[in-house]
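For reference, the chains in residue letters:
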Amino acid sequence: MGRTRRGHRSQERTKTRKTEYLKPGGVHDQDQRKIRRLTETIRVPTFPAEFLVSARNSKSVRKVIAEQYPTPVADLPCLGVSDDKVLIVPAPPLTEEQQGLVGPAQMALYNLKRPGTTSAMVDFLNDVGPIPFLLLRCSNVLSPVIQARFCRAFDGFVAAKPSSLHSEPTRSSKTAYHFGIWSLYLNEPMVTTDTRQPTKSVKEQAVLIPLIDRLLRLVQKHMMPRARRLILRYAPQQIEILSPVYERVKKVLAKELADRPVLDFGGLWFCVAVKEGCSEIIHLDFNDTHTLVAIIWVVSRENSSWTGGEFSVPQLGGKIPFSGGQMIAARTRILAHCGAQIIGKGRIAFTCFSDSQLVEQTLFGPSSSADKTKGKKRLQDAVVVLGG
Ligand SMILES: [Fe+2]
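Residues numbered from 1 in each chain as written. Predicted model: local features only at pLDDT ≥ 70, side-chain atom pairs only at ≥ 80, totals over all residues.

Student: Account for the sheet that holds strand 11 (residues 311-313), with residues named and values stated.
Tutor: Strand order in the open sheet made by the 3 strands is 12-11-14, with antiparallel pairing throughout. Two strands in the sheet have a free side with no partner beyond their single neighbour: strand 12 (318-320) and strand 14 (338-339). Here 2 bridges tie strand 11 to strand 14, and the two strands are oriented antiparallel to one another. Bridging from a neighbouring strand, Ser312 pairs with Cys338 of strand 14. (Pairing = 2+ DSSP bridges. Helix = DSSP H or I, 4+ residues; strand = E, 2+ residues; numbered from the N terminus.)

Put into structure tokens, the structure is as follows:
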């Protein structure tokens, strides 16, 4: 007889209950029917493998998409029109030839050449396996009241005239602020410059930093628990793969996390990019890892009215409506994507991701290309500011 939180239960009784649960027409069948009723599944015939192996080059991404998927984004059909359902695009199995292009858990093959690659890590990743979907959209994740709180916090931050050193002309004309932790051409985790605002005076920082922390506290309070539930249900591989990264970040940046606990995203992601509108140019997120999903949220300002902004993915043959309160998890390093044109104002996007350098150097050892050019400059900046 075993002791459970509900008291003592015999093995016999447990077995009987399990049989009852699993019997045809029983609770399990009813649950499965309910899940199917609330889920819209979109199947693609083959795994979109154009960028499973690719150069880090935005121009070539646009060229491949223009040649292989000539339909303009505006003319792509809408997928997932049932707003109240979970939309899922399962990942088709890789062909034998495609399997030869990727490492364990569909990691990029170049990682296996890194000095820290061990058979134990390869076994761990093979055991975890790849995330089973390419894209997932959930609706009504953030209520209008909570969305308005995010908007007020973001507007308050922008009104304080922050600086952003990370422009992204290959994906959007608008600035995205990157908060949290990444490596970005270094072999060590660091707090992003946007989070620290190092070019501002001490007086200006005293205003800006609390405004950033206010926004990130909302991320911790409202996005993290919802994302954790959804990731555990649909992509537990993400948490497992990020687990050693989280342990390393907590160790290396113990002081920074103690000073600013809002930078701790519980190992679900390490960085949040926030921007008004969307990224309107087709692109791959080269800072993401091939194997993991980025988690994107849209929030709407109170009394705003805007249309468009659909998450457009030519490789999936369509665009997915993406409105306030919804969340999309997608393999943004292998699916070229952009936001469709937005008419009107009032849409803010939050993209929660884990920098590929940070993840891959933790799992496979340092990158030989990091710390050389841009890395040196950023390292100096990081040391001066973090040390100061
Ligand atoms: Fe993106």
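Student: How would you sum up the pairing of strand 16 (residues 347-353)? Please name residues and give values.
Tutor: Of all 7 residues that make up strand 16, 7 are buried, and the element is covered over most of its length. Residues Arg347, Ala349, Thr351 and Phe353 point to one face of strand 16 and Ile348, Phe350 and Cys352 to the other, with burial holding for every one of them. Bridge analysis of strand 8 (residues 271-276) against strand 16 gives 6 bridges, and the strand direction is antiparallel. Following the sheet pairing, Val272 is matched in strand 16 by Cys352. Pairing analysis gives 6 bridges linking strand 9 (residues 294-300) to strand 16, with the strands arranged antiparallel. Residue pairing in the sheet places Ile296 in a bridge with Thr351 of strand 16. (Buried ≥ 20, exposed ≤ 12 C-beta atoms within 10 Å, placed from the backbone.)

Student: Just give me the short version of the nonpolar core, but keep the residues and values in it.
Tutor: Membership of the largest hydrophobic core comes to 90 residues, with the highest contact counts inside it found for Ile181, Cys271, Ile295 and Ile328. No other element matches helix 8 (residues 202-234), which puts 9 residues into this core. Apart from the residues within four sequence positions on either side, Ile295 is in contact with Ala227, Trp269, Met327, Ala329 and Cys352. (Core = buried A, V, L, I, M, F, W, Y, C linked by C-beta atoms within 7 Å. Contact = placed C-beta atoms within 7 Å.)

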